[in-house]
Amino acid sequence: MKRRHMLLIALAMLSAASVVNADPTVGVFFDTDGMQSALVAEPGTVNTGYILINNADMMVGGAAFKMESEGGFLLVGETWANGLLFGSLMTGAEIGLYTALPQFGTDPALICTFQVFGTETVINSHLTIVNDPDYATPMVANNNAILFPATGLTGSVTLRNTPEIGVFFDTAATELSAIFNGGVGELYQAWICVRNAEMMVGGAAFKMDLDPRITLLSAIPASALIFGTPTTGVEMGLYTNLPVFGSTPGILYSLLFTTFNNQMIDATISIVNHPSYDTPKVADNSAVQWTAEGLTSFLTIPVATEEMSWGQVKSLY
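Remember, predicted model here, so these are calculated numbers, not experimental data.

Novice: Any chance you could break down the overall build of the chain for me, citing the residues and the numbers?
Specialist: Within the chain, the secondary structure is distributed over two helices and 26 strands. For the chain, the residues scored as buried account for 43% of the 317 residues in total. Intrachain contacts of the chain at a sequence separation of at least 6 include 76% that bridge at least 24 residues. Surface exposure of the chain reaches about 15,500 Å², of which carbon and sulfur atoms provide 55%.

And the structure:
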């Protein structure tokens, strides 16, 4: 019995020490695991943000803090954990929870949920947790109503269009499919373009996958520093930035194809990720890389024409 009594005392001392050493954080995140503090999304979409408490190692009984925004978007709603709430997220809020939330280890406690909505481009606008006006710092309370100073963390919001890279059959980057007559003597021109970027494009990284019945005869790049090729994976840094705004595309490559005597329906030409990246990439004029969407084009050859020699083909381009 004495051993059990001493063990309980030791556990109580350890528990008290962990509370004394608590250094809670209150932060803005865009996932409930507290791993994603930066939101990158399309304008016009509704995205969910979370206020998470971490590093507290306690049963959280309440909190007091405020969120400051650099703006450019709307906060269209906020939902709090079940408790007695005074104030709001943007004016300063104090909340006493009806049921304490466990926060131990790396599992954060969710105290508030909100939505972000904007229709205009926003780049790296910050949302920061600061002190409620009645306190000197953000505060977190345990289930015994003991207050602890907390560190406020910052998240960021970027709202911008996702650039698209595709193989187009026109320089306006509107035609993703084409139908041609085939044959050894038939050549088809296409262009690799960036569209929907809303930026000065300074570079790109991607790879072009071709249906094996389609042969690439030439690929002429825009003036750029080039590493690799389109069919193996290319990284390109443009010597002159391309303005890609509205319906105006940026041309990265001029292509020339042939299909010899192969006939096909909707043979694919796809832009995929460069082997060194997880997605196609577009860089702006500050060399900041943005995830791009790789598009798939379709080529149909319903009729093949007469045979020609390879020497005759080469003489055509």
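The structure having been displayed, the exposition proceeds.
Novice: Explain the sheet that holds strand β25 (residues 293-294) residue by residue, including any values.
Specialist: Strand order across the open sheet formed by five strands is β18-β21-β16-β14-β25, with mixed pairing between neighbours. With one partner strand each, in any of the chains shown, β18 (215-221) and β25 form the two edges of the open sheet. Judged from the seven bridges that link them, strand β16 (residues 188-195) and strand β21 (residues 250-258) form a sheet pairing that is antiparallel. Residue pairing across strands places Trp-191 opposite Ser-254, the latter belonging to β21.

Novice: Which residues make up the pairing of strand β14 (residues 164-168), and what values go with them?
Specialist: Most of β14 is tucked away, with five of its five residues classed as buried. With burial as the criterion, each face of β14 is covered, one bearing Glu-164, Gly-166 and Phe-168 and the other bearing Ile-165 and Val-167. Here β14 runs beside β25; their pairing, made up of two bridges, is parallel. From the neighbouring strand, Ile-165 faces β25, where its bridge partner is Gly-294.

Novice: With reference to specific residues and values, describe the side chain of Lys-281.
Specialist: Residue placement: Lys-281 occurs in strand β23 (residues 281-284). Polar contacts involving the side chain of Lys-281 include one to the side chain of Thr-291, which spans 3.3 Å. Apart from residues lying up to four places away in sequence, Lys-281 is in contact with Ile-165, Gly-203, Ala-204, Ala-205, Gln-289, Trp-290, Thr-291 and Ala-292.

Novice: Explain the sheet that holds strand β5 (residues 74-80) to me, using residue names and the numbers behind them.
Specialist: On the basis of which strands lie adjacent, the open sheet formed by five strands has the order β5-β8-β3-β1-β12 and mixed pairing. Edge strands, defined here as strands with exactly one partner in the open sheet, are β5 and β12 (151-152). Of the pairings in the sheet, the one linking strand β1 (residues 25-29) to strand β3 (residues 46-54) comprises five bridges and is antiparallel in character. Counterpart to Gly-27 in the pairing with β3 is Leu-52.

Novice: Got a sec to walk through the environment of Ser-247? Specific residues and values, please.
Specialist: Mapped onto the secondary structure, Ser-247 falls in the loop between β20 (233-244) and β21. With a relative accessible area of 71%, Ser-247 lands in the exposed category. When the C-alpha atoms of Ser-247 and Ala-197 are compared, they prove to be 9.7 Å apart, with 50 residues separating the residues in sequence.

Novice: Help me get a handle on the pairing of strand β8 (residues 109-117), residues and values and all.
Specialist: For β3 and β8, the ladder comprises eight bridges, and the chain directions are antiparallel. If you follow Asn-47 over to β8, its bridge partner there is Val-116. Pairing of β5 with β8 involves six bridges; the strand directions are antiparallel. Following the sheet pairing, Trp-80 is matched in β8 by Cys-112.

Novice: Lay out the packing of aromatic side chains with the relevant residues and their values.
Specialist: One pass over the full model with this rule turns up three aromatic pairs. With a centroid separation of 5.7 Å and an interplanar angle of 35°, the aromatic rings of Phe-65 and Trp-80 are classed as tilted. Here Phe-65, found in strand β4 (residues 58-69), pairs with Trp-80, found in strand β5; they are 15 residues apart in sequence, far enough to count as distant. Exposure remark for Trp-80: the relative accessible area of 15% places this residue in the buried category. The interplanar angle of 15° and the centroid separation of 4.9 Å between the aromatic rings of Phe-180 and Tyr-188 together place this pair among those described as stacked. Taking relative accessible area as the criterion, Phe-180 reaches 29% and is therefore assigned partly exposed.

Novice: Break down the nonpolar core for me, citing the residues and quoting the values.
Specialist: The biggest cluster of nonpolar side chains holds 35 residues, and the ones touching the most others in it are Ile-165, Val-167, Ile-192, Val-201, Phe-206, Leu-252 and Phe-257. Beyond its immediate stretch of four places on either side in the chain, Val-167 contacts Glu-175, Leu-176, Ala-190, Trp-191, Ile-192, Met-208, Leu-255, Phe-257, Ile-269, Ile-271 and Ser-297. Residues Leu-39, Trp-80, Ile-129 and Val-157 belong to the second largest nonpolar core, which totals 34 residues.

Novice: So what's going on with unusual backbone geometry? Residues and values would help.
Specialist: In the Ramachandran plot, Ala-173 falls in the positive-phi region, its phi being about 60° despite a non-glycine side chain. Along the chain, Ala-173 falls in the loop between β14 and β15 (177-179).

Novice: Give me the lowdown on a nonpolar patch on the surface, citing residues and values where you can.
Specialist: Where nonpolar side chains cluster on the molecular surface, the patch consists of Val-46, Leu-74 and Val-76 and spans about 280 Å² of accessible area. Its place among the elements puts Leu-74 in strand β5. Taking relative accessible area as the criterion, Leu-74 reaches 53% and is therefore assigned exposed.

Definitions and cut-offs
Residues numbered from 1 in each chain as written. Predicted model: local features only at pLDDT ≥ 70, side-chain atom pairs only at ≥ 80, totals over all residues. Heavy atoms only, no water. Helix = DSSP H or I, 4+ residues; strand = E, 2+ residues; numbered from the N terminus. Buried < 20%, exposed > 50% of the residue type's maximum accessible area, 1.4 Å probe, protein only. Contact = heavy atoms within 4.5 Å. Areas by Shrake-Rupley, 256 points an atom, 1.4 Å probe, with all protein chains shown as cover. Pairing = 2+ DSSP bridges. Polar contact = N/O pair within 3.5 Å; in protein donor to acceptor, adjacent residues only side chain to side chain. Phe/Tyr/Trp six-rings, centres within 6.5 Å; stacked < 30°, edge-to-face > 60°. Core = buried A, V, L, I, M, F, W, Y, C linked by side-chain atoms within 4.5 Å. Patch = residues over 30% accessible without salt bridge, like charges linked within 9 Å, V, L, I, M, F, W, Y side chains within 5 Å. Salt bridge = Lys/Arg side-chain N within 4 Å of Asp/Glu carboxyl O.

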